[in-house]
Amino acid sequence: QVQLVESGGGLVQAGGSLRLSCTASGRTFSRYCVGWFRQAPGKEREFVATIWSGSRTYYADSVKGRFTISRDVAKNTVYLQMNSLKPEDTAVYYCAADPSIYYSGSVYPAEYENWGQGTQVTVSS
């Protein structure tokens, strides 16, 4: 089991940037698929980005070209760099990880076993 802690959320104006961090403890998660998801009030949790099989990445269409997911193996941390933020990006952002999908990746929350507590991102217009 790996414990995940997100950080880096906050309040930012539209067009601004934030970098979220997801740090793992308990064991190294260099061989885990890691995903970022978000959930806005009254909406279902949705996929944002994932990194798997080393440095392969995949993004939701809504964030493609604006968000970048990356991994720092030495720090046991995965980042989500968010640029050109929009009010519709406002949500609680969660990171999730699972070793069983390391070679395939996944956009489905149900396929991730380990979850962080979430960090709030609010983008003002």
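Provided above is the structure to which this section pertains.
Nothing here was measured: the structure is a model prediction, and the numbers come from that model.

Visitor: Sorry, what's going on with the pattern of salt bridges here?
Guide: Between side chains of opposite charge, pairing is possible as soon as their charged atoms come close. Under the criterion given, the structure shown has 4 salt bridges. Between Glu 46 and Arg 38 there is a salt bridge, with the nearest N and O atoms lying 2.6 Å from each other. Given the relative accessible area of 36%, Glu 46 is considered partly exposed. One salt bridge in this structure joins Arg 38 and Asp 89, with 2.9 Å as the shortest N-O distance. Here the residue Arg 38 occupies a position in strand β4 (residues 33-39), and Asp 89 occupies one in the loop between β8 (77-82) and β9 (91-98), the gap between them amounting to 51 residues. A cluster of three or more residues bridged by salt bridges with shared partners is formed by Arg 38, Glu 46, Arg 66 and Asp 89.

Visitor: Help me understand the side chain of Thr 119 in this model?
Guide: Within the fold, Thr 119 resides in strand β11 (residues 119-124). In terms of polar contacts, Thr 119 uses its side chain to reach the backbone amide nitrogen of Gly 9, at 3.2 Å. Setting aside its immediate chain neighbours within four residues, Thr 119 contacts Glu 6, Ser 7, Gly 8, Gly 9, Leu 20, Ala 91, Val 92 and Tyr 93.

Visitor: What exactly am I supposed to notice about the nonpolar core here?
Guide: The biggest cluster of nonpolar side chains holds 37 residues, and the ones touching the most others in it are Phe 29, Trp 36, Leu 80, Met 82 and Tyr 93. Among the secondary structure elements, those contributing two or more residues to this core are β3 (18-25), β4, β5 (46-52), β7 (67-72), β8, β9 and β11.

Visitor: For this particular structure, what's the right way to read the sheet that holds β7?
Guide: Spatial ordering of the open sheet is given by β1-β3-β8-β7, a layout of 4 strands whose pairing is antiparallel. Bordering the open sheet on either side are β1 (3-7) and β7, each of which pairs with just one other strand. Direction aside, the axes of adjacent strands within the sheet are offset by 15° on average. Here 5 bridges tie β1 to β3, and the two strands are oriented antiparallel to one another. Bridged to Ser 7 within β3 is Ser 21.

About the cut-offs
- Residues numbered from 1 in each chain as written.
- Predicted model: local features only at pLDDT ≥ 70, side-chain atom pairs only at ≥ 80, totals over all residues.
- Heavy atoms only, no water.
- Salt bridge = Lys/Arg side-chain N within 4 Å of Asp/Glu carboxyl O.
- Buried < 20%, exposed > 50% of the residue type's maximum accessible area, 1.4 Å probe, protein only.
- Helix = DSSP H or I, 4+ residues; strand = E, 2+ residues; numbered from the N terminus.
- Polar contact = N/O pair within 3.5 Å; in protein donor to acceptor, adjacent residues only side chain to side chain.
- Contact = heavy atoms within 4.5 Å.
- Core = buried A, V, L, I, M, F, W, Y, C linked by side-chain atoms within 4.5 Å.
- Pairing = 2+ DSSP bridges.
- Axes fitted to C-alpha atoms, helices over the stretch in contact; angles between N-to-C directions.

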